[in-house]
Structure formats: structure tokens, C-alpha cells
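What follows is the residue order along each chain.
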Amino acid sequence: MKQRLVIGNWKMNGDQQTNEMLLKDLLVGMTNGGNLEVAICPPFPYLASIATQLQGRTVGLGAQNLSPATHGAFTGEVSASMLRDIGCRYVLVGHSERRALFGDTDDVVAQKFAAAIAQELVPVLCVGETMDERRAGITTSVMTKQITTVIKHVGIENLARGVVAYEPVWAIGTGETASPDQAQAVHRHLREVIGAFDERIARNLQIIYGGSLKPDNAQALFTQPDIDGGLVGGASLDPASFIAICDAITTTPRGTA
Ligand code: PEP
């Protein structure tokens, strides 16, 4: 059965002391049952020490970004091989905050996805429409473009080595969540786009939802047949909420299409 996945994106929050407490509470409370994989994405400076603390534990580690380049004169950048070297398994690519604030175009995102794959990291490709795009009725065409740019760059077999996260931009950090039907419709559309390249890959690829996921809306989203887990921002900074979201997925039977 396809494994479900919950990833916590800590964004640019925390310090050594608060991270330590957060991690401790997470590791104590996390049960990790029911075919669920859990990972956290702390800020860069804390990755190496958290990697050490996670050794032998079931919680995986991811980074929030990477450089498309392998090495060299790119001041301030972090490469895929460095992330691999310190024990990361996942890396977010194309998070909407990177796209909106740091110029990550679809092409740059595709290059970052390729850089992650080349180092055997699991890229978590974030896609999502803005509220203006949703109101203009172009959500599906925006999704098609964001996903096919990556497929055309890396090939469908390499897309299958990653994870896709559908994150409507208007739902990120706003407290507004896509309804289960809205999220399911986009997840289904993404699977159809991927299915036009390879149906088996479309069925098996993990497509997770992100955007103001909370303990009280998680279950309704996780019952949707095409939602394989969650990417959690704000609520991942509160151990009780993050654990409750993980528990919600393990106790929610997968819906049927
Ligand atoms: C995110 O940053 O990926 C995210 C989904 O944030 P939030 O849960 O706070 O909306």
C-alpha cells in the first residue's frame, strides 16, 4: 500500500533552545504507526545538529531549499550534495514563498528538482495557484504548467523519485484551508496530468496537501482518495498540533476514488 507522508516545514523560525524543546516533544509524542512517514524541515543552520539527534529515529530530515548548482562561486547557496552529506533525505523545491519572494520560476524549480535527484535526495515539489488565478478560473492550467515544466526537464521516471505537494498559495499561513473537495479536485487533476505521461507513476506518486493544515481540518482532507499526506507549516511548530495531524492520518482510512 502507498505510504502516507507528513512533513513539517519550520520555515525561518526557532533557535537552538526552542528547536531542542520542539524536537524533544515531537520524538516523545510521535508514534509513527499505520504506514506513515514523518519528516521535518528545520532552517539550514540547525540541520546538521538535528540530523545527529534524529539518528536511529523514525523521523526523517529535510531542507527547505537548495541551489540548482553543484558547487562553486555561489555565495550563500547550499548544494544538494551538502544536504545529502549531513543526512537530509528530503528537500522542498518551489515553495510558494521561494517563488514569490526569491524569484524561483518554474524553470529554476525544475533545475532544483534535477539537482536534488542527482544526489538521491527526495525533492518535494510544491505547486499551487494564487487567489487571483483561482478567481480567474485558471487553477488547472497553472497546475499543468508547474508540473509539466518539471516533467519535461527531468523526465517522468525522475518525477516519480520525488513527492508533489499541492499548496494553494492563498491557503498558506492564512488560516484559510482549501475545502476537501477543492483539494481533491486539484490532486485528481495533477494525477491526470502525470497520468498522460505514465499512468502507473500517476497512481503511485505521493501527492500531499499543504495550506493551513490543522488538527481540526486534517481528517476531512486526509479522507480524500488522492491526498497522500500533508505539508504543515505553522502547526508544525506546535508539537501537540503536529502530532495530532500525524495521528489524524493514521486513524483516517484512505478514501476510494
Ligand atoms: C507551508 O509553508 O508549506 C505551509 C503549508 O504553511 P501553513 O501550514 O502555515 O499554511
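**A few points about the nonpolar core**
Grouped together as the largest cluster of nonpolar side chains are 70 residues, with contacts concentrated most on Ile 40, Leu 125, Leu 159 and Ile 194. What Leu 159 contacts, discounting residues up to four positions off in sequence, is Phe 113, Leu 125, Ile 147, Val 150, Ile 151, Val 154, Ile 194 and Leu 205. Ranked by size, the runner-up nonpolar core spans 13 residues in total, among them Val 122, Cys 126, Val 163 and Ile 208.

**A word on the site of the ligand**
Inspection of the region around the ligand gives 14 residues, with Lys 11, Glu 167, Gly 173, Ser 212 and Gly 234 positioned closest. Measuring from an oxygen atom of the ligand, one finds a side-chain N or O atom of Asn 9 at 3.3 Å. At a separation of 2.7 Å, an oxygen atom of the ligand approaches a polar side-chain atom of Lys 11. For the ligand, the protein covers 97% of the area, taking 290 Å² as the surface of the free molecule. Of the residues belonging to the shell around the ligand, the class tally is four nonpolar, eight polar and two charged.

**A few points about the pattern of salt bridges**
Inspection of every chain in the model, using the stated rule, returns 11 salt bridges. Linking Asp 104 and Lys 112 is a salt bridge whose minimum nitrogen-to-oxygen distance equals 2.9 Å. With respect to burial, Asp 104 and Lys 112 carry one shared label: buried. If you follow the salt bridges from partner to partner, you end up with Lys 2, Arg 188, Arg 191, Asp 226 and Asp 228 in one network.

**Side note on the pairing of strand β1 (residues 4-9)**
Of all six residues in β1, six are buried; the element is thus mostly enclosed. Residue alternation in β1 divides its side chains into two sets, Arg 4, Val 6 and Gly 8 and Leu 5, Ile 7 and Asn 9, and both sets are buried. Bridge count between β1 and strand β2 (residues 36-41): six bridges; the pairing is parallel. When the sheet's bridge partners are listed, Asn 9 is paired in β2 with Cys 41. Bridge analysis of β1 against strand β8 (residues 229-232) gives four bridges, and the strand direction is parallel. Each residue of the ladder has a partner; that of Gly 8, found in β8, is Val 232.

**Focus on the packing of helix α11 (residues 215-222) against helix α12 (residues 239-251)**
As a packed pair, α11 and α12 sit with axes 9 Å apart at the nearest point and diverge in direction by 25°. Relative to α12, the element α11 is oriented roughly parallel. Judged by the twist between their axes, the crossing of α11 over α12 is right-handed. Packed against α11, whose contacting residues are Pro 215, Ala 218, Gln 219 and Phe 222, the element α12 presents Ser 241, Ala 244, Ile 245, Ala 248, Ile 249 and Thr 251 at the interface. In terms of residue class, the contact of α11 with α12 is built from seven nonpolar, three polar and no charged.

**Focus: the environment of Ala 115**
Note on placement: Ala 115 falls in helix α5 (residues 106-118). Excluding anything up to four places from it in sequence, Ala 115 contacts Leu 66, Ser 67, Pro 68 and Ala 80.

**Brief notes about α5**
Compared with the 18 Å implied by 1.5 Å per residue over 13 residues, the 18 Å span of α5 between its first and last C-alpha is a close match. The complete set of buried residues in α5 reads Asp 106, Val 109, Ala 110, Lys 112, Phe 113, Ala 115, Ala 116 and Ile 117. Packed against the buried residues of α5 are α3 (80-85), β4 (90-93), α4 (96-101), β5 (122-127), α7 (139-154) and α8 (156-159). Backbone geometry just downstream of α5 places Glu 120 in the positive-phi region, at approximately 60°.

Cut-offs applied
- Residues numbered from 1 in each chain as written.
- Predicted model: local features only at pLDDT ≥ 70, side-chain atom pairs only at ≥ 80, totals over all residues.
- Heavy atoms only, no water.
- Core = buried A, V, L, I, M, F, W, Y, C linked by side-chain atoms within 4.5 Å.
- Buried < 20%, exposed > 50% of the residue type's maximum accessible area, 1.4 Å probe, protein only.
- Contact = heavy atoms within 4.5 Å.
- Near = heavy atom within 4 Å.
- Polar contact = N/O pair within 3.5 Å; in protein donor to acceptor, adjacent residues only side chain to side chain.
- Areas by Shrake-Rupley, 256 points an atom, 1.4 Å probe, with all protein chains shown as cover.
- Nonpolar A, V, L, I, M, F, W, Y, C, P; charged D, E, K, R; others polar.
- Salt bridge = Lys/Arg side-chain N within 4 Å of Asp/Glu carboxyl O.
- Helix = DSSP H or I, 4+ residues; strand = E, 2+ residues; numbered from the N terminus.
- Pairing = 2+ DSSP bridges.
- Axes fitted to C-alpha atoms, helices over the stretch in contact; angles between N-to-C directions.
- Parallel < 35°, antiparallel > 145°, perpendicular 65-115°, else oblique.
- Left-handed = near helix turned anticlockwise from the far one by under 90°.
- Expected span 1.5 Å × (residues − 1).

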